[in-house]
Structures are given as C-alpha cells and as structure tokens.
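Structural characterization, general
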Amino acid sequence: MKLKEFMKKVSHVLPLFVTLKHLFMKPITIQYPDERLKLSKGTIGLHYLDTNKCIGCGTCARICPNKAIVLEDAGVKEIKTARGVIRRPIKHPSIYIGRCMFCGLCVESCPTKALEFTTFYEIASYERKSLYFSYKELAKRRE
Amino acid sequence: MVLKYRFEGYEIEVKDNEILLNLGPQHPSTHGLCRLVIKMEGEKVKEIIPVIGYLHRGVEKICENRSYIQIIPITDRMDYLSSMNNNFAYVLAVEELLGLKIPERAEYLRVIAAELNRIASHLLFIATFGMDIGSFTAFMYGFRDREMILDLLEEMAGARMLYNYMRIGGVKRDVGKEFFERCLKVLDKLEEKLKDYERFFLENELFINRTKGIGILKPEDAIKLGVTGPNLRASGVKYDIRRVDPYSIYDRFDFNVITDNGCDSYARFIVRLKEIKESMKIVRQAIRDIPEGDISARVPKVIRPPEGEVYSRVESPRGELGVYIYSDGKSDKPYRIKFRVPSFANLSAFPHFNKGIMLADLIVSFASIDIVLGDIDR
Ligand code: SF4
Ligand code: SF4
C-alpha cells in the first residue's frame, strides 16, 4: 500500500525515463537538401514517356480524372506495321503537372506501357509555366 | 442588456455576464479548418456551435461527372488520414452493384492495407492528442512511428497518404515476400514502442488528471446522436462493423472489439491505443494466411453497372463509413453518390456532451473525438 502511494506521488516523473531513453538514440530526422531519404521501390514520382513506344492513342488523356493530360502534335513518325513502314502524323501526351494528383491511372491504362513513373519528386517550382511538361521533357530520364 | 448575433443561419443571444468566443478556423487544435463559436460564462462553456464548410470541395458532385474508376482517387481525399478505408468502402459498393467476386489474395491484401492504415491513423491521433494537451514529445513519437507504417504503405501503393490502391475487382499491385517480412519486423518494432507509449501516458498522473472525466458521453446519448467508431466503443457499446456486419473477409480473423466504460476522453484514448494492437493482430494473421494467386478479377475496361442502388459500409478508423451509389444503368458514371462519414456525426454530437465544461478542457475533449475536416466538409 505504501509503495503504491509512493508510486502515485512520483508517477509524473516516470515518463521522464522514456524521454531520457530517447536522448541516447540516433536522430531520425535528416537535413533535407544535403541528405535524402531512401524511397521505397514503388514510389510514384514524375512521369516518364517512351516516345518510341507511344502510339498516340489518347487513352491516358481520356482516363485522367483531372484532365491534366493533353495530346500534342509530335510531327510525322515512321511506324512499322505488317504491311511495311508507313509515315503518319502522331500525337504524344503532355502533362500539366500542377493539376496532376499522381493517381497513376494514366500509367495503368496505357496499352503499350509507354508511360511509366520515375522516382523523381522535386517538381516544385516558382512559376506555373514550368509546371507544364511537354512530351519532350517527359521523355528525359530523371532519377 | 442582451446582444443578438446572427451568423450562418444561427441566432445567438449573449447576456451581460457572457462572452462569445470564436475558436478557429485557423487554430492548431481544430485539426483542419473547423470553427467553433462558443458562448461562455466566465470559464464555463454554455453553448457550442460548430461552423463547418471551410474545406468543402464538392466531392459528391465531382463524382457525378467522373467514371467509376476515376472516383477512386477522389475518395482518397475525403478522409485523408485513412484513404485505404475510403477506397475500401467505395470499391465494395461498386462490386456489390456489379455482383463481382474478387480473388482471395486481393481480399487479404486489402485487409492488410486497411489495417495498416488504421494503425497509422491511430498513431496520428496519439500524436495530435498529445500535442493538444500540451505534450509536444508525444507528437514527435507519434509521427516518428507513423513514418514506419507509411513506408510500408508507400511500397504497397506508391504514395504516402493518398494511396489510390484498391481497384474495382482487386488491388493495384502485388507485393512480394520481402514486403511481408519487412512488415512483420516493423510490427515487432512498433510493439516495443507501444510499451513506451503506455509508460508515457497511462502511468502518468498528469495525463490522467488532464483527461479523466472530461467530455463524458453516455452510451444512450452516443447511440442517439449517431456516434460510431472508437468514440462509441469508449462509451461501452460493443459495436464494430467488422464484427456486427462483417465485410470482405473480416469474419475469418480473430480479434477483440475493444470497449471501455470510462465514457471520457481518457477512455477514448485508451480504446485507440488498444485498437492498434488488435489491428496488428489482424495484419499478422493475414500475412500468415495469405494465398498465392491473382490480385484482380476480370473486369471490363468500361464499367457500366446495371440500374440499381447500393449502400455499403466499412469500419474506418473514425467510425462507420457508408457509401450510397445510385446507378441509372445507362452511363459509366454514377447518377448520385453519397458518403455517410463518421466525423460528421461525431462532430454533431460534440456540442451536446460538452456543455458546462471548462474552456481548457474543451480542447482536450475536442481532440479526443478525432475528427478530420476533409471528411466532414467533403
Ligand atoms: S502514352 Fe500510352 S495511353 Fe498515352 S497516348 Fe501514348 S500509347 Fe496511348
Ligand atoms: S497520374 Fe492521374 S492525375 Fe496525373 S496525369 Fe496521370 S491520370 Fe492524370
């Protein structure tokens, strides 16, 4: 009984031992621009477009819930078909990243797997203009 | 002299010895953007009027203009702390409309994802609750441990908060064996940390004095006011949708429904702390039993459910989350969608059980009902 009462009296000091224990632990925060956290494998970052694979079907633009994707004219391209090589104008997707919510529906719906996600995440910018990624910029590899 | 104030359709009379205090919308302990108009007499709270709508995005209306697949990422953004459970409720509703049967492995993955998300959500509750009662240390601990779970969910779904992981007929991607090993390791680690939490809070006289007897919600009132989730269970009512109306495969797992007869803020805290352990139990069982196989049923590219209506509900970390869908059978977009969100009912009950308490205690009580404003305003 005595012990119990004594414990009750000092019980507000007990949590201090928990915090004291933490004093000797390794810090878990990092200094961001100098150090970076290791991302998981499947992290969703900026899109990557393989212009060789894209057939300009527009499925990605249609499925995007925010209508962030527009199809842009990409000149004339040679396409191999069963009846030889034909030349026809083609369109590629460009993305208003500012409107994108990284849901991943475009990547999943692409029939030729031309769109992929990279793990590049530092897309923030000072002006809205630079949030528009044309298909040429999307075709650059970023890690 | 009696002053009359009019705002947002309310009229409130303030006598000479009373004051009208405006708490929020931008206040760190309102968890988002909630405004509470409080009529006080001295330090005593006499009347509370919650004013909501600061985070309104019109989710239900947006959903009427989106196809069934496109709605999934939008449900993420309602209760942003438990996106997996929102996804879950929605896909269950659509699957019921379509009469789909989904593969076993997908069911297990869904349960693992939803329970991990519940753990993360409750850890965040511990963090913010600690912060609101003035313990910044708890805030740090809660966020640190939530980070481990978020890393797991990131590997599963690719994102840290807004997962968009579940699909109509299955899930987005599969995970490998290493994931489960890592998951078990994290759970073991978390178990250690939970002991720290118990030592830190439950043996702490200061914490107990601050929370015991604050904001008493009687079981009869709780049921009448439509309170659900941990708040209801903390009033001693054994009601958990995972048990009373099992959805998905919850009837296969062995777990307890945690209740507490305290009815106060302390009880609400304890119920959540214990629920983390129950969720860990479910995840462990699911990892043990998960079969190999497909992760998605065969679903047509364009989903056009037959005409009809459906209501499905799940136990989200905050309570009963229901989704009502009406499909007119012609288009690939729902005709009407309605979400029954737990936070809304919990906040509506809040003014009723907090009359007569001190202003400083009001913050504790408010933190203990764990609402998310994105959920309420939608
Ligand atoms: S990226 Fe894929 S979905 Fe989009 S236009 Fe090209 S091929 Fe079609
Ligand atoms: S990730 Fe989603 S929001 Fe972003 S471009 Fe693709 S479909 Fe649109």
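Residues numbered from 1 in each chain as written. Chains lettered and ligands numbered in written order. Predicted model: local features only at pLDDT ≥ 70, side-chain atom pairs only at ≥ 80, totals over all residues. Heavy atoms only, no water.

1. Concerning the sheet that holds strand β4 (residues 35-41) of chain B
Residue and element names in this part refer to chain B.
- Reading across from one edge, β3-β4-β5 is the order of the three strands in this open sheet, with antiparallel pairing throughout. One side of each edge strand has no neighbouring strand; the edge strands of this open sheet are β3 (19-23) and β5 (44-51). Neighbour-to-neighbour, the strand axes of the sheet open up by a mean angle of 20°, direction not taken into account.
- As judged from the five bridges shared by β3 and β4, these two strands associate in the antiparallel manner. Following the sheet pairing, Leu-20 is matched in β4 by Lys-39. (Pairing = 2+ DSSP bridges. Helix = DSSP H or I, 4+ residues; strand = E, 2+ residues; numbered from the N terminus. Axes fitted to C-alpha atoms, helices over the stretch in contact; angles between N-to-C directions.)

2. Concerning the site of ligand 1
- Around ligand 1 sit 13 residues, and of these Cys-54, Cys-57, Gly-58, Cys-60 and Cys-110 of chain A come closest.
- Of the residues in the shell around ligand 1, the class split is nine nonpolar, four polar and no charged. (Near = heavy atom within 4 Å. Nonpolar A, V, L, I, M, F, W, Y, C, P; charged D, E, K, R; others polar.)

3. Section: the site of ligand 2
- Taken together, His-47, Cys-64, Pro-65, Ile-69, Cys-100, Met-101, Phe-102, Cys-103, Gly-104 and Cys-106 of chain A make up the full set of residues adjacent to ligand 2.
- Of the residues contributing to the shell around ligand 2, the split by class is eight nonpolar, two polar and no charged.

4. Description of the pattern of salt bridges
Residues and elements named next belong to chain B.
- Scanning the model with the defined rule gives 39 salt bridges over all chains in all.
- A salt bridge links Glu-18 to Lys-39; the nearest nitrogen and oxygen atoms lie 3.8 Å apart. With a gap of 21 residues between them, Glu-18 in the loop between β2 (10-14) and β3 and Lys-39 in strand β4 connect regions that are remote in the sequence. Comparing Glu-18 with Lys-39 shows no difference in burial state: the two are buried.
- Salt-bridge contacts for Lys-39 lead to Glu-47; the nearest nitrogen and oxygen are separated by 3.6 Å.
- Judged by relative accessible area, Glu-47 falls into the partly exposed class, the value being 29%.
- One connected set of salt bridges, linked through shared partners, spans Glu-115, Arg-118, Arg-233, Asp-240, Arg-242, Glu-275 and Glu-315. (Salt bridge = Lys/Arg side-chain N within 4 Å of Asp/Glu carboxyl O. Buried < 20%, exposed > 50% of the residue type's maximum accessible area, 1.4 Å probe, protein only.)

5. Side note on the packing of helix α4 (residues 104-132) of chain B against helix α13 (residues 359-368) of chain B
Residue and element names in this part refer to chain B.
- Viewed as axis vectors pointing N to C, α4 and α13 meet at an angle of 175°, and their least axial separation amounts to 9 Å. Compared by their axis directions, α4 and α13 come out roughly antiparallel. In contact with Phe-125, Phe-129 and Asp-132 of α4, α13 contributes Ile-363, Val-364, Ala-367 and Ser-368.
- Looking at the contact of α4 with α13 residue by residue, the classes come out as five nonpolar, one polar and one charged. (Parallel < 35°, antiparallel > 145°, perpendicular 65-115°, else oblique. Contact = heavy atoms within 4.5 Å.)

6. Considerations on the confidence of the model for chain B
- The share of residues in chain B with pLDDT of 70 or more is 99%, and the mean pLDDT across the chain is 86.
- Here the predicted complex scores 0.88 on pTM and 0.81 on ipTM. (pLDDT = per-residue confidence, 0-100.)

7. Description of the side chain of Arg-110 of chain B
Residues and elements named next belong to chain B.
- Along the chain, the position of Arg-110 falls in helix α4.
- Within the local environment of Arg-110, its side chain forms a polar contact with the backbone oxygen of Gly-170, the two atoms lying 3.1 Å apart.
- Look past the residues within four positions of Arg-110 in its chain and what remains in contact with it is Phe-88, Val-91, Leu-92, Glu-95, Ile-102, Met-166, Arg-167, Gly-169, Gly-170 and Val-171. (Polar contact = N/O pair within 3.5 Å; in protein donor to acceptor, adjacent residues only side chain to side chain.)

8. Overview of the nonpolar core
Residues and elements named next belong to chain B.
- With 92 residues, the main nonpolar core has Tyr-90, Leu-116, Tyr-165 and Ile-325 as its most contacted residues.
- The biggest single contributor to this core is α4, with 13 residues.
- Ile-325 has contacts with Tyr-68, Tyr-90, Ala-93, Val-94, Leu-97, Gly-308, Glu-309, Val-310, Pro-334, Arg-336 and Ile-337, leaving out every residue within four places of it along the chain.
- In terms of nonpolar packing, the next biggest core, distinct from the first, is built from 24 residues, Leu-347, Ala-349, Leu-362 and Ile-376 among them. (Core = buried A, V, L, I, M, F, W, Y, C linked by side-chain atoms within 4.5 Å.)

9. Some remarks on the packing of helix α2 (residues 68-76) of chain B against helix α3 (residues 83-98) of chain B
Residue and element names in this part refer to chain B.
- Between α2 and α3, whose axes approach to 8 Å, the crossing angle comes to 155°. By the angle between their axes, α2 is roughly antiparallel relative to α3. Here α2 and α3 pass one another in a crossing that is right-handed. When α2 is examined against α3, the residues Tyr-68, Ile-71, Ile-72, Thr-75 and Asp-76 are found in contact with a partner set consisting of Ser-83, Asn-86, Asn-87, Tyr-90, Val-91, Val-94 and Leu-97.
- Taken together, the residues of the contact of α2 with α3 sort by class into seven nonpolar, four polar and one charged. (Left-handed = near helix turned anticlockwise from the far one by under 90°.)

10. Notes on the interface of chain A and chain B
- Chain A puts 24 residues into the contact, and the matching count from chain B is 26 residues.
- Both sides together, the interface formed by chain A and chain B hides about 2300 Å², and carbon and sulfur atoms give 53% of it.
- For the pair chain A and chain B, the number of links is two salt bridges.
- Where chain A packs against chain B, one counts nine residue pairs in polar contact (both at pLDDT 80 or more).
- Looking at the side of chain A that touches chain B, the element that brings in the most residues is helix α2 (residues 14-23) of chain A, giving six residues.
- Partitioning the side of chain A that touches chain B into residue classes produces 12 nonpolar, seven polar and five charged. (Buried area = accessible area lost by both parts, 1.4 Å probe.)

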